Structures are given as C-alpha cells and as structure tokens.
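Residues per chain, in single letters:
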Amino acid sequence: MHARYARIAEARQREIKVRVGFAVFIACTVWALAPSKWPAIWLALVFAGQSADWIVFGAIRRLGGGTPSRGLRIAACISLFVNSVFYSAIAAYLWADGGGSQMVFGSILIAGALLHVTIHLYHEREILISAATPPVVYFLALPVIHGYVLGQPTDLLVAVGCVLYMTHLLVAVRQSSQTNRAIQIANDRAQEERRRAEVASAAKSDFLAVVSHEIRTPMNAVVTSANLLERSQLDPAQKEHVVMLKDASEVLIGLLNDVLDFSKIEAGKMELEEAPVDLVDKLKALERMWAPKAQAAGVAFEVSLPDDLPRHVRTDPLRLQQILFNLVSNAVKFTATGRIEVRARWNAALGRLTVAVTDTGCGIPDDRLPYVFDVFEQVDAGVTRRHGGSGLGLAITCKLAQLMGGSVSVESRLGEGSIFTVDLPMGIAAAPSATLAVSAPSTFAHGLDILAVDDHPVNRRIVALLLEPMGCVLTFAENGQEAVEAAALRRFDAILMDMQMPVMDGLTATRAIRSDGPNAGTPVIALTANALETHRAAWATVGVDDFVTKPIDPARLASALEAAVRGEAALAATA
Ligand code: ADP
C-alpha cells in the first residue's frame, strides 16, 4: 500500500506542470468564449489547489516508500477532492453560461479530468474515490440540473452518455489494472525464480567446494603415498603400478581443478592476481614439459620466440600458464603425426602478447568449430575416450582469457590441423633485482621441533611420513584449540597449520598463537587444500610465513620449512 502511495505521489508531482498548463489554456479559452472575471478566479483557485497538492504529495514522496501517517493520507484525499472540485468547476460555469458548444466543451473537460485521475490514481481506492467523485457528480448533475431548470428533457441524453462513458472507463481501467497486476505477479515470480536459482547456484558452489576439499584429502594421501612408494625398492612390475597410480592421480587432480575453476568462474568468484612473470621462461617451459611427450609419439615440437619479446611482464602467472597448458596439451593430445609449433608475438604498441599453437592433428569439422569453447563440448567422443578429458579445458581457457582482457580464437581444417591463438594484454615489468634462492633440502631439518596441526588423521600421517625421515620431531594437534594449548606450553621451531578444522580453524589459531606466548615469533606455514587467492589473502593478514598446497609436494614442504626456520620465507615465492 505504501509503495502505491509513493508511486501516486511521484506521478502527482511529475504531472503537475501538465495540469497547470492545461488550466491556463482552459482559462484563456473559456475567457475567449464567455469573457468575465470567473475564468481568472477559477484559475487562481486551481493554482491554490495545486500548491496544496504539491506540498502534501511532496511530503509523501520524501518518505521514499515509507509509511505515510494517517493524517497525511487524509490530507492527500482532501487535497485531491478539493482539486477535483476546483478543476471541474469550470464546466459548471460553461453549462450555466449556456450555449451548445460551451456545454460540449465543459463536458469534454470533465471527461478529460475523469480520465486523468482514473489513470493516475486507480492504484489506491481511497485516493481514487476522493479524486473521481467530484467529476462524476459534475458529469451527472450538470445535464440533469440544466435539463430540469430549463425544462429540456433531451439534456438527460447527455447524462446517459456520461454514464456510458464512465462505464467504458471503468471497464478499461479494470482491464488495465488486471494486466498490470498480472505483469507484477509475473515479475515477482521471475524475481523469486532468479533468487532461487542464485541460492541453488551458491549451494552448488559450496557443495563443489566441500566435495573438492573432501576429495583432495584422500587424493593428497594417494599422491604422497605414490611418491614415497616410488622412492622405495620396487621390482619393474611394481614400478609400473606406481606410475599408473601417479598418472591416474594426476588425471583426477586435473579434473578436480577444472571443475573447481569452472564453478568459480561461473559464480563470478575467479580472482586474478598480477605479478611479474618471466615470459621467456614460461614459454620455454612448454618445450621442456611437452616436447618429450610429443617426440615420443613421433611429433616434432617447437617453441619460437621473437627477439622483441619482453622477458618480464606483469600478468597472472598461474592463469597464463593454465591457458598455455590447455592449448598445448590439446595439441599434443590430438596430433598423431607431423609437428606442433608454439609461436609467440609481441605487439609493443598495444602491450599485447599473442601465442599461436599450431598443430597438424586431426582438426575440427566446420560444423563443430563454433562450439569448441562451449562447456563439455567434445568433437569426437572416440578420440576423447582414448585420450581422456572433461570438455572443460577450452571453456575455462576462453573464460580466463576474457577475464584477463583478452581472447582465444581457433582456425581448423578437418584432417589437416588446428591453430589456437590466444591474445592477452600485459604490461612490461622491470627485471626483479634479486630472486629468492630456496636451497635444496639439506640436513637443516634434523632435530627441528615442529607442531603439526591437522584434523584429518590421513594428513597427519602424511606429514609424519614426510618429515620424520628428515629427522624432525613432531607434535600433533587435531584442531586449532589444541594447537593454541600446545603452543602455550613450549616453543616450537615451526608450526604447520591446516586451514579448515573443527572447534577452531587455522586462521583463528594462528592469530591467537601470534598474539602472545612462547611461539609469538615462531614461523607458521599454512598447509591448505584451498589455494584460492582470497584464502591466501586471509592467511597473509594473520602473518603466516608461507603456504604449501595439498597434495603436499615433499620438496616444496622441505624448502618452505628451511626458508621459514632460516627467516627467509616469502609469501610471493609460494607455488
Ligand atoms: P577436452 O578436455 O575434452 O580436451 P577441451 O575443452 O580442451 O576438452 O576441448 C574440447 C574439444 O575440442 C576436444 O574434445 C576436441 O574434440 C576439440 N579440440 C580441442 N583442441 C583440439 C585440437 N588441437 N585439435 C583437434 N581438436 C581439438
């Protein structure tokens, strides 16, 4: 109801110029038809009425949709009633003055006034009744009184015409209000559906985040166990089994990361970072990583870089790598013979890097080409089944490139090969003055007293498997609360802290340990399955020394630990 009052007040104020303009025009016309002082008096009354209207509806409008008081609502009704009485009074003057054309003009004026108030004020019954009663009374009474006084029964015909007009008006307004109501209901329903879809989408994202966390933990165990197994004495058949185990884990982790990335992009939660990147090294790394695999399948692999390519640029290192990795891995996957070329170009004027990945592989049929960047699009299910893949890689690549302000395009000919080209804007960065050298794991860890905090027994076992052989002495805590209690008793050389734990999470525990006690200055390394930038930022605020993402890379953990205890750790150097 109050929103309706606000809407009426809005229309009242918006239309005031039209009403006043009409009044001036009517007064002039009537004065020309029947000159006297009455049109001027009428105009003065209309001005006074409209001023009161402006004040009353201005007050309602200033409430901004808030509840108008009962007094204000009554004032609004009185103002509308009085204004209607004044406005249509000119018709009474015209009818009294006599003359066929004056009477017709007067009737049309009342009909217009009735139309005006009905269209603008039908939302609220009390308002409509206040504003419409005077013109209705004038409309019916004038012909009746005129006919009675002058003894002209034919005037009653005008009254009948008025009744018919009002009936049509009523039907039209009812129709229009029904239509408006139907539109309003449809809008409300659409909004409700959108809200529900948003809730469902958020629930889906949360579900994915939880499931991925739950899958990462056992995957962490699988990968770490496979790594440890690989280093033990194995016969050839066992070695092969371990390789299969590692390959399968990699596929699963890749799939998991793809699903997570895609849901993050879909939810608009993908955050990009900007850091200096050694572009030459990033592109050459593609050769180091993929040439052996391609060459093993009899496919030549070449990376060519132009002389003017800047060595250091500013971009998102992880996402650039992901884009290049996706395009090159597809080229390797879908090329059985011939060659794969990765060609970079630098547009210095625009500050844009273009990388074209050309292959002589199976190519993509013309009718599938427009859809290759769609989710779950796989051109040939047979080939995909042979090589694996989720159909998410190119969709993620395309969205990431767009998020970074660039684009990806494809040209392909069935049976001849494909060219995928990515174009990304990036600024040139100064060469870093000195890079942090993280020394290889050595005997530094021997005798280190470490507090390891993780709620999951498998993760605690992994940490033990990794660190005990290095000579570390481990104390375990199963949640943040236990960690805070353990940290209050004696000083540790380093603390490994998980993020999500029951009772007290890692962030709160780190903050508590850092605030006071023997471990206020002890290096803390966050062990987290969540490598999201927001989580990194959260950890950075509590002052952790480093991050190690799960599944834990043993060398990475050792180097992070060494750097931390030597006071050399730098968050920027994390993987
Ligand atoms: P997938 O994980 O299945 O490879 P992508 O999104 O990376 O998913 O690729 C989608 C589909 O596009 C692939 O299944 C394949 O049919 C086609 N495709 C991508 N890259 C190439 C390429 N270099 N040559 C031929 N077909 C390709």
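For every chain, the first residue of the written sequence is number 1, and numbering continues from 1 onward in sequence order. Only residues with pLDDT of 70 or above have their local features reported here, since the model is predicted, and side-chain atom pairs are shown and tallied only from 80 upward, although totals for entire chains, interfaces and linings are computed over all residues. The side-chain quantities take in all heavy atoms of the structure and omit both hydrogens and water.

S.K.: For this particular structure, what's the right way to read the overall build of the protein?
M.R.: Counting secondary structure elements, the protein contains 16 helices and 13 strands. Its C-alpha atoms give the protein a radius of gyration of 40 Å, more than 25% over the compact-globule value 25 Å for 575 residues. Dimensions of the protein, computed from the C-alpha atoms along their principal axes, are close to 125 × 70 × 45 Å. A 1.4 Å probe rolled over the protein chains alone gives each residue an accessible area, and that area as a share of the maximum for its type sets the label: buried under 20%, exposed over 50%, partly exposed in between. A burial count over the protein gives 44% of its 575 residues as buried. To be clear on the numbers: accessible area is Shrake-Rupley with a 1.4 Å probe, and residue cover counts the displayed protein chains and nothing else. Taken as a whole, the protein presents about 29500 Å² of accessible surface, with 61% of it coming from carbon and sulfur. A helix here means a DSSP run of H or I that spans at least four residues, while a strand means a run of E at least two residues long, and both kinds are numbered starting from the N terminus. Atoms counted for the radius of gyration: C-alpha only. Globule rule: 2.2 Å times the number of residues to the power 0.38.

S.K.: How do you make sense of the sheet that holds strand 5 (residues 352-359) when you look at a structure like this?
M.R.: Working definition: the strands of a sheet are paired by backbone hydrogen bonds and lie parallel or antiparallel to each other. Spatially, 5 strands are ordered 2-4-5-7-6 in an open sheet, and the strand pairing comes out mixed. Each having just a single partner strand, strand 2 (299-304) and strand 6 (407-413) make up the two edges of the open sheet. The average undirected angle you get between the axes of adjacent strands in this sheet is 10 degrees. A pair of strands is considered paired only if DSSP assigns at least 2 bridges between the two. Looking at chain direction, strand 2 and strand 4 (residues 338-347) are connected through 6 bridges and run parallel. When the sheet's bridge partners are listed, Glu302 is paired in strand 4 with Glu341. The angle between two axes is taken between their N-to-C directions and runs from 0 to 180 degrees, where each axis is a line fitted to C-alpha atoms and a helix contributes only its stretch in contact.

S.K.: Is there a simple way to think about the packing of aromatic side chains in this case?
M.R.: Aromatic rings in a pair are described by how distant their centres are and how their planes are angled relative to each other. Pairs were defined over the aromatic rings of Phe, Tyr and Trp, the Trp ring being its six-membered one, requiring ring centres within 6.5 Å. Orientation was assigned from the angle between planes: stacked under 30 degrees, edge-to-face over 60, tilted for the rest. Applying the stated criterion across every chain yields a total of 4 aromatic pairs. A centroid spacing of 5.7 Å and a plane angle of 85 degrees characterise the contact between Phe139 and Tyr165, whose relative ring orientation is edge-to-face. With a gap of 26 residues between them, Phe139 in helix 5 (residues 125-150) and Tyr165 in helix 6 (residues 155-230) connect regions that are remote in the sequence. We classify Tyr165 as partly exposed; its relative accessible area is 25%.

S.K.: Would you mind going over the state of the cysteines with me for this structure?
M.R.: Any covalent bond linking the sulfur atoms of two cysteines counts as a disulfide. Here, the term disulfide refers to a pair of cysteine sulfur atoms separated by no more than 2.5 Å. One pass over the structure, following the stated rule, counts 0 disulfides. Of all cysteine sulfurs in the structure, the one in Cys398 sits closest to Cys362, which takes part in no disulfide; the separation is 20 Å. Residue Cys362 is classed as partly exposed on the basis of its relative accessible area of 36%.

S.K.: Please explain unusual backbone geometry as it appears in this structure.
M.R.: The phi torsion at Val503 lies on the positive side, around 70 degrees, for a residue other than glycine. Note that Val503 resides in the loop between strand 11 (494-498) and helix 14 (506-515). Judged by its relative accessible area of 69%, Val503 falls in the exposed class.

S.K.: Before we go on, may I ask you to explain the sheet that holds strand 1 (residues 275-278) in this structure?
M.R.: The sheet built from 3 strands is open, its strands ordered 1-3-8 with antiparallel pairing. Only two strands of the sheet have a single partner each, and these edge strands are strand 1 and strand 8 (427-428). Where strand 3 (residues 312-315) lies against strand 8, 2 bridges are found, and the strand directions are antiparallel. Looking across to strand 8, one finds that Val313 is bridged to Ile428.

S.K.: I tried to follow the environment of Phe139 on my own but got confused; where do I start?
M.R.: When its relative accessible area of 6% is taken as the criterion, Phe139 is described as buried. Taking C-alpha positions, Phe139 is 7.1 Å from Ala159, a pair spaced 20 residues apart along the chain. Contacts are assigned to residue pairs that have any heavy atoms within 4.5 Å of one another. In this structure, Phe139 is in contact with Ser107, Ile110, Ala111, Leu114, Cys162, Tyr165 and Met166, ignoring residues within four places of it in sequence.

S.K.: I tried to follow the confidence of the model for the protein on my own but got confused; where do I start?
M.R.: Any residue range with low pLDDT should be treated as having predicted coordinates unsuitable for detailed reading. Known as pLDDT, the predictor's confidence for each residue is given on a scale from 0 to 100. Predicted confidence across the protein gives a mean pLDDT of 84, with 92% of residues reaching 70 or more. Contacts from residues 569-575, a stretch scored under 50 in pLDDT, to residues over four places away or in other chains number 21 contacts.

S.K.: I keep staring at the layout of surface pockets and nothing clicks. Help me out?
M.R.: Rolled over the atoms, a probe sized like a water molecule indicates the empty space that remains. Roughly 910 Å³ of volume is contained in the second largest pocket. Looking at the second largest pocket, it is lined by 25 residues, and the ones nearest its centre are Tyr122, His123, Val173, Ser177 and Arg181. Among the secondary structure elements, those contributing two or more residues to the lining of the second largest pocket are helix 1 (2-33), helix 4 (100-121), helix 5 and helix 6. No other element matches the 12 residues that helix 6 contributes to the lining of the second largest pocket. For the lining of the second largest pocket, the residue count by class is 11 nonpolar, 8 polar and 6 charged. Cavity and pocket criteria rest on a 1 Å grid covering protein atoms alone: a 1.4 Å probe that fits but cannot get out defines a cavity, protein on both sides within 12 Å along at least 5 of 7 lines defines an open pocket, and an atom within 4 Å of a point defines a lining residue. Grid points are joined across faces, edges and corners, and a volume is the space filled by probe spheres set on the points. Residues are sorted three ways: Asp, Glu, Lys and Arg are charged, Ala, Val, Leu, Ile, Met, Phe, Trp, Tyr, Cys and Pro are nonpolar, and all the rest, Gly among them, are polar.

S.K.: Where do I start with helix 11 (residues 393-403) in this structure?
M.R.: Helical geometry note: an α-helix holds 3.6 residues per turn, so side chains three or four residues apart project in the same direction. Among the 11 residues of helix 11, 8 are classified as buried, and the element is accordingly described as predominantly covered. Restricting attention to buried positions, one finds in helix 11 the residues Gly393, Leu394, Ala395, Ile396, Thr397, Cys398, Leu400 and Ala401. Contact partners of the buried residues in helix 11: helix 7 (236-266), helix 9 (317-333), strand 6 and strand 7 (417-425). Within two residues after helix 11, Gly405 carries a phi angle of roughly 90 degrees, on the positive side.

S.K.: So what exactly am I meant to see when it comes to the packing of helix 9 against helix 11 here?
M.R.: For any two helices packed against each other, the geometry comes down to the angle between their axes and how far apart the axes lie. At their nearest, the axes of helix 9 and helix 11 sit 10 Å apart, and the two run at 145 degrees to each other. Considering the relative orientation of helix 9 and helix 11, their crossing is left-handed. Contacts between helix 9 and helix 11 involve Arg319, Gln322, Ile323, Asn326, Leu327 and Asn330 on the former and, on the latter, Gly393, Leu394, Ile396, Thr397, Leu400 and Ala401. Within the contact of helix 9 with helix 11, the residues separate by chemical class into 6 nonpolar, 5 polar and 1 charged. Crossing handedness is defined as follows: a turn of the near helix away from the far one that is anticlockwise and smaller than a right angle gives a left-handed crossing, while the clockwise case is right-handed.

S.K.: What is the right way to look at the pattern of salt bridges in this model?
M.R.: Once the charged atoms of two side chains with opposite charge are near each other, the side chains can pair. The working definition used for a salt bridge is a side-chain nitrogen of Lys or Arg within 4 Å of a carboxyl oxygen of Asp or Glu. Summed over all chains, the structure comprises 21 salt bridges. With a closest N to O distance of 3.8 Å, Asp493 and Arg491 form a salt bridge. Of the residues examined, Arg491 reaches a relative accessible area of 45% and is grouped as partly exposed. Note that Asp546 is salt-bridged to Arg556, the shortest N-O span being 3.1 Å. One end of the pair, Asp546, is in strand 13 (residues 546-549); the other, Arg556, is in helix 16 (residues 554-565), and 10 residues separate them in sequence. In terms of burial, Asp546 and Arg556 fall into one category: buried. One network of salt bridges, in which partners are shared, links Glu302, Arg339, Glu341 and Arg343.

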